[in-house]
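An overview of the molecular structure
The chain contents come next:
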Amino acid sequence: MGSGSDDASTFKPVPLQEVIVRPEWQQHFIEMAYLVATMATCPRKHVGAVLVNADKRIVGTGFNGSAAGMEHCDVVGCDMVEINGRMSCVRTIHAESNVLDFAGQRARGCTLYVTVTPCFECTKRIVNTGIVDVIYDEYYASQNTERVAEYFRDAGVGLIKHEVEETAIGHEVEASIP
């Protein structure tokens, strides 16, 4: 009958609940953002974003990479420019910006899950689209990051630090925005 045991009575299936622990929604979408980040094409930082509507349905995803049809950093190198005393790659579009470009008006009323805190430029775009909450995992200092929390607060957009110490796929959490 095959190459297995002849005694079928020795097989004892493990109940699914003992194998898979269903994560909370926030954990689930943060982990998805990390999965999306694996598609990033700038080697300096891999960032992922997942846009989710009120029904917990994914509206879109985004990762940092070059504009459509343009050469990617991982192929031709980063295009580094000094901006406000900090070296930045200007070849890429941020993950948050990419997901907003894709989603358009469908972003209104959604929650954005992102692997790192948005930069100030993306923060303004997020507010402008009508996103209600931004949930991030890692604090990432970038240009004007210190203004991000205040800007979201003034606009009535929630900025929420993901609180799980380590995601199931192994990403450690770092310091939060003050």
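Structural data are supplied above this passage.
The following refers to the structure shown. (Residues numbered from 1 in each chain as written. Predicted model: local features only at pLDDT ≥ 70, side-chain atom pairs only at ≥ 80, totals over all residues. Heavy atoms only, no water.)

If you look at the biggest cluster of nonpolar residues, it comprises 21 residues, and the most contacted ones within it are Leu51, Leu112, Ile126, Ile131 and Val134. Residue assignment for this core shows that the elements contributing at least two residues are strand S1 (48-52), helix H4 (95-103), strand S7 (111-116), helix H5 (120-129), strand S8 (133-138) and helix H6 (148-155). With sequence-adjacent residues up to four places away left out, valine 134 is seen in contact with Leu112, Val114, Pro118, Ile126, Phe152, Val157, Gly158, Leu159 and Ile160. Counting nine residues, the second-largest nonpolar core is a separate cluster that includes Ile30, Tyr34, Val50 and Tyr113. (Core = buried A, V, L, I, M, F, W, Y, C linked by side-chain atoms within 4.5 Å. Buried < 20%, exposed > 50% of the residue type's maximum accessible area, 1.4 Å probe, protein only. Helix = DSSP H or I, 4+ residues; strand = E, 2+ residues; numbered from the N terminus. Contact = heavy atoms within 4.5 Å.)

Moving on: the pairing of S1. Judged by how many residues are buried, S1 sits mostly within the fold: five of five residues are covered. Side chains Gly48, Val50 and Val52 project from S1 onto one buried face, and the interleaved Ala49 and Leu51 project onto a second face that is buried too. Here S1 pairs with strand S2 (residues 58-63) via five bridges, running antiparallel. Counted as the bridge partner of valine 50 is threonine 61 from S2. Between S1 and S2, which follow one another and run antiparallel, lie five residues, and lysine 56 among them has a positive phi close to 65°. Looking at chain direction, S1 and S7 are connected through four bridges and run antiparallel. Following the sheet pairing, alanine 49 is matched in S7 by valine 114. (Pairing = 2+ DSSP bridges.)

This model, assessed by the stated rule, comprises three salt bridges. Where glutamate 138 meets lysine 45, a salt bridge forms, and the shortest distance between an N and an O atom there is 2.8 Å. With glutamate 138 in strand S8 and lysine 45 in the loop between helix H2 (25-37) and S1, the pair connects residues that are 93 residues apart, well separated along the chain. Here glutamate 138 falls in the buried class, since its relative accessible area comes to 11%. Notably, a salt bridge pairs arginine 125 with aspartate 101, separated by 2.7 Å at the nearest N-O pair. One end of the pair, arginine 125, is in helix H5; the other, aspartate 101, is in helix H4, with 24 residues separating them in the sequence. For arginine 125, a relative accessible area of 31% corresponds to the partly exposed category. The class for aspartate 101 is partly exposed, based on a relative accessible area of 46%. (Salt bridge = Lys/Arg side-chain N within 4 Å of Asp/Glu carboxyl O.)

This next bit is on the layout of surface pockets. Its boundaries defined by the atoms lining it, the largest pocket holds a volume of some 560 Å³. Together, 25 residues line the largest pocket, and Ser88, Cys89, His94, Cys119 and Ser142 are the ones closest to its centre. Ranked by residue count, the leading element in the lining of the largest pocket is strand S5 (residues 86-89), at three residues. Grouping the amino acids of the lining of the largest pocket by side-chain chemistry returns twelve nonpolar, eight polar and five charged. (1 Å grid on protein atoms, 1.4 Å probe; cavity = no way out; pocket = protein on both sides within 12 Å on 5 of 7 lines; lining within 4 Å. Points joined across faces, edges and corners; volume = space filled by probe spheres on them. Nonpolar A, V, L, I, M, F, W, Y, C, P; charged D, E, K, R; others polar.)

With respect to the secondary-structure elements, tyrosine 113 resides in strand S7. Along the primary structure tyrosine 113 and isoleucine 30 are separated by 83 residues, whereas in three dimensions their C-alpha atoms are 5.9 Å apart.

Let's shift gears to the sheet that holds S2. A sheet is described by the order of its strands in space; here five strands give the open sequence S2-S1-S7-S8-S9, paired in mixed fashion. Edge strands, defined here as strands with exactly one partner in the open sheet, are S2 and strand S9 (158-161). Ignoring strand direction, the axes of neighbouring strands in this sheet form an average angle of 20°. In the packing of H2 onto the sheet, contacts are made with S1, S2, S7, S8 and S9, and the angle to S1 comes to roughly 135°. (Axes fitted to C-alpha atoms, helices over the stretch in contact; angles between N-to-C directions.)

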